[in-house]
Amino acid sequence: MSYQICRSASRAVRSLLSASKSSPILFEGRAIAATTVNKSRGRYSTLSSLYVGASYKSTYGGWLPAALALPAAVYMLQEEVHAAELERTFIAIKPDGVQRGLIAEIISRFERKGYKLVAIKLVVPSNEFAQQHYHDLKERPFFSGLCDFMSSGPVLAMVWEGEGVIKYGRKLIGATDPQKSEPGTIRGDLAVVVGRNIIHGSDGPETAKDEIALWFSPTELISYANNAEKWIYGVN
């Protein structure tokens, strides 16, 4: 529900911003907001202050109508809404995927979709670590074998960022059983049996949060601007 609200708010924000380009008053409010955002990075405390009083001082000198607070607030809200839409997921190429030389193939599929890589490392997890990762499956009969396999060789651990990346990342991966995965998915194209399905992906927001925290320290997660994002999301 919160994701749908963010999507609706984002569309409304973009419509207002588009309208501001044809109105001198709204356009100046947008310009003022841009300056404010650059100084405050869109914090709500600054956003709220735009509504205080009947007018506020223009960066160009003099006082402007309080109506200019609307495009200013909208411009700042755009950054907050867009940030709320972006999420992170944990993706791991298992030992079979690494040994088969599928790293570049798998990474390229996420990159071509438009998702951003924000953390990556090659590790050989211990059996105890694998048990932590698959703790929710500890009652299953295949748990021991699964942990033995996951700790049998290098695993490429990654964190990907993007709008809807958790849910759609699972679609890119395909069903757990490669025989049931659609052609075009990673498992559908590159794997044959369940026990060697080459890749793991978080199945929900809470799982993603826990798995990222398990595999990466906060300092290993990188935040950066990608020049392609304005072409992917249409935020110019």
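Residues numbered from 1 in each chain as written. Predicted model: local features only at pLDDT ≥ 70, side-chain atom pairs only at ≥ 80, totals over all residues. Heavy atoms only, no water.

### Looking at the UniProt feature "binding site: ATP" (unreviewed entry) in the protein chain
- Feature annotation in UniProt places "binding site: ATP" (unreviewed entry) on K94, F142, R170, T176, R187 and N197, given in this structure's numbering.
- Residue placement: T176 occurs in the loop between helix 9 (165-173) and helix 10 (186-190).
- T176 gets classed as partly exposed once you look at its relative accessible area, which sits at 47%.
- Ignoring any residue separated from it by four or fewer positions in sequence, one finds T176 in contact with R187, V194 and N197.
- Topologically, N197 is positioned in the loop between helix 10 and strand 6 (199-201). (UniProt positions renumbered as here; feature names shortened; annotations may be inferred. Helix = DSSP H or I, 4+ residues; strand = E, 2+ residues; numbered from the N terminus. Buried < 20%, exposed > 50% of the residue type's maximum accessible area, 1.4 Å probe, protein only. Contact = heavy atoms within 4.5 Å.)

### Details of the pattern of salt bridges
- The full count for this structure, using the stated rule, is six salt bridges.
- Across the pair K116 and E229 runs a salt bridge, and its minimum N-O distance is 2.8 Å. Of this pair, K116 sits in strand 4 (residues 116-123) while E229 is found in helix 12 (residues 229-233), placing the two residues 113 residues apart along the sequence.
- Here E220 makes a salt bridge to K121, at a shortest N to O gap of 3.2 Å. Highlighted residues: E220 in the loop between helix 11 (205-215) and helix 12 and K121 in strand 4, separated in sequence by 99 residues.
- What makes K121 partly exposed here is its relative accessible area of 24%. (Salt bridge = Lys/Arg side-chain N within 4 Å of Asp/Glu carboxyl O.)

### A look at the UniProt feature "active site" (unreviewed entry) in the protein chain
- The positions that UniProt labels "active site" (unreviewed entry) are, in the present scheme, H200.
- Its place among the elements puts H200 in strand 6.

### Overview of the pairing of strand 5 (residues 155-163)
- Most of strand 5 sits inside the fold, with nine of its nine residues counted as buried.
- Pairing geometry for strand 3 (residues 86-93) and strand 5, over eight bridges, is antiparallel. The partner of I91 across the bridge, within strand 5, is M158.
- As judged from the seven bridges shared by strand 4 and strand 5, these two strands associate in the antiparallel manner. Bridging across to strand 5, V123 finds its partner in V155. (Pairing = 2+ DSSP bridges.)

### Observations regarding helix 8 (residues 143-150)
- If you check which residues of helix 8 are buried, you get F143, L146, C147, F149 and M150. The buried residues of helix 8 occupy an angular sector of 160° when projected down its axis, which confines them to one face.
- Where helix 8 is buried, its residues contact strand 3, helix 5 (95-99), helix 7 (127-133), strand 5 and helix 11. (Arc of directions from axis to C-beta.)

### Observations regarding the side chain of E161
- Tracing the chain through its elements places E161 in strand 5.
- Within the local environment of E161, its side chain forms a polar contact with the side chain of R88, the two groups lying 2.8 Å apart. (Polar contact = N/O pair within 3.5 Å; in protein donor to acceptor, adjacent residues only side chain to side chain.)

### Overview of the packing of aromatic side chains
- A full pass over the atoms with the stated rule returns three aromatic pairs.
- Ring geometry for F129 versus W215: centroids 4.7 Å apart, planes at 85°, classification edge-to-face. Highlighted residues: F129 in helix 7 and W215 in helix 11, separated in sequence by 86 residues. As far as the burial class goes, F129 and W215 line up, both buried.
- Grouping aromatic residues by their ring pairs yields a cluster made of F90, F129 and W215.
- The ring of Y224 carries the charged tip of K116 above its face, separated from the ring centre by 4.7 Å.
- Between R196 and the ring centre of F149, over which it is positioned, the NZ or CZ distance is 4.1 Å. (Phe/Tyr/Trp six-rings, centres within 6.5 Å; stacked < 30°, edge-to-face > 60°. Lys NZ or Arg CZ within 6 Å of the ring centre and 35° of its normal.)

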